[in-house]
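Descriptive structure summary
One-letter residues, chain by chain:
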Amino acid sequence: MAVTTRIEEVRNEVSTLAQAAVTADDLMQRMVKLLHHRMLKYNWVGFYMLEPGAQPPVLVLGAFEGAMTPHTRIPLHQGICGAAASSGQTVVVDDVSKDSRYLACSLETKSEIVVPVFIHGLVAGELDIDSHFAAAFAAADQELVQHCAALVGKKLEGSRA
Ligand code: SME
């Protein structure tokens, strides 16, 4: 008998959320709660979105679950968050203490993943997850977080068509 893994279950749950959510904001609020609650090593889960029209561009903290962070506005040349948004690439850091780009949010954080959110191929923001465990984000986690970011991108495309 096939065994459904936690990641597969959560993947299905976020897909269901995306169908039920009325707005992208609603989806992001519910998604951060779900990921934080269901994925035990996801100790801080939040969205940073590019501020519309800001020059130079800046990422602004949106929906999040976990302790308040000092980093509510992050320019694109700073942090792992800035690296993911400026490159349009997923960034996984297994040991944040060894990455000079890292902006500390909590002393307990050991590893981090940041996945860009795209609207019609352009970076609009990102989904950032911190873990108290080193190397918490394996390939299956990366796929889950990319799926989540893609669902939000689609919802944003629907609302800004
Ligand atoms: N660690 C991030 C900053 C955001 S906090 O983790 C919530 C970074 O290096 O960009």
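Since the model is a prediction, treat every value here as computed from it, not as a measurement.

Things to note about the environment of lysine 98
Relative to the helices and strands, lysine 98 is located in the loop between strand S4 (91-93) and strand S5 (111-119). For the pair formed by lysine 98 and lysine 110, sequence separation is twelve residues and the distance between their alpha carbons is 9.9 Å.

Examining the packing of helix H1 (residues 6-20) against helix H2 (residues 24-38)
Close contact between H1 and H2 brings their axes to 10 Å; oriented N to C, the two are set at 165°. As summarised for this structure, H1 and H2 are arranged roughly antiparallel, according to the angle between their axes. Note on packing geometry: the crossing formed by H1 with H2 is right-handed. Across the interface between the two elements, Arg6, Glu9, Val10, Glu13, Val14, Leu17, Ala18 and Ala20 from H1 touch Leu27, Arg30, Met31, Leu34, Leu35 and Arg38 from H2. Residue composition of the contact of H1 with H2, grouped by class: nine nonpolar, no polar and five charged.

Thoughts on the pattern of salt bridges
Pairing between side chains of opposite charge can happen when their charged atoms approach one another. Tallying each qualifying case throughout the model produces eight salt bridges. When the shortest N-O distance is used, the salt bridge between glutamate 13 and arginine 38 registers 2.8 Å. Of this pair, glutamate 13 sits in helix H1 while arginine 38 is found in helix H2, placing the two residues 25 residues apart along the sequence. Arginine 38 sits in the buried class, given a relative accessible area of 17%. The partner of lysine 33 in a salt bridge is glutamate 65, with the nearest N and O atoms 3.9 Å apart.

Here we look at the pairing of strand S6 (residues 122-131)
Judged by how many residues are buried, S6 sits mostly within the fold: eight of ten residues are covered. In the sheet, S5 pairs with S6 via nine bridges, with the strands oriented antiparallel. What sits directly across from isoleucine 119, in S6, is leucine 122. Between S5 and S6, which follow one another and run antiparallel, lie two residues, and histidine 120 among them has a positive phi close to 45°.

What to know about the side chain of asparagine 43
On the secondary structure map, asparagine 43 appears in the loop between H2 and strand S1 (44-50). Once residues within four sequence positions are removed from consideration, asparagine 43 is found in contact with His36, Glu65, Gly66, Asp130, Ser131, His132 and Phe133.

Let's talk about helix H3 (residues 79-87)
With respect to burial, H3 is a largely interior element, seven of its nine residues being buried. For H3, the full list of buried residues reads Gly79, Ile80, Cys81, Gly82, Ala83, Ala84 and Ala85. Those residues of H3 that are buried lie in contact with S1, strand S2 (58-65), strand S3 (73-75), S4, S5 and S6. Glycine 88 sits one or two positions beyond H3 and adopts a positive phi of about 70°.

Details of helix H4 (residues 139-159)
The end-to-end C-alpha distance of H4, which contains 21 residues, comes to 30 Å, matching closely the 30 Å that a straight helix rising 1.5 Å per residue would cover. Buried within H4 we find Asp141, Leu144, Val145, His147, Cys148, Ala149, Leu151, Val152, Gly153 and Leu156. Its buried side turned inward, H4 meets H1, H2, S1, S5 and S6.

What counts, and where the lines are drawn
- Residues numbered from 1 in each chain as written.
- Predicted model: local features only at pLDDT ≥ 70, side-chain atom pairs only at ≥ 80, totals over all residues.
- Heavy atoms only, no water.
- Helix = DSSP H or I, 4+ residues; strand = E, 2+ residues; numbered from the N terminus.
- Axes fitted to C-alpha atoms, helices over the stretch in contact; angles between N-to-C directions.
- Parallel < 35°, antiparallel > 145°, perpendicular 65-115°, else oblique.
- Left-handed = near helix turned anticlockwise from the far one by under 90°.
- Contact = heavy atoms within 4.5 Å.
- Nonpolar A, V, L, I, M, F, W, Y, C, P; charged D, E, K, R; others polar.
- Salt bridge = Lys/Arg side-chain N within 4 Å of Asp/Glu carboxyl O.
- Buried < 20%, exposed > 50% of the residue type's maximum accessible area, 1.4 Å probe, protein only.
- Pairing = 2+ DSSP bridges.
- Expected span 1.5 Å × (residues − 1).

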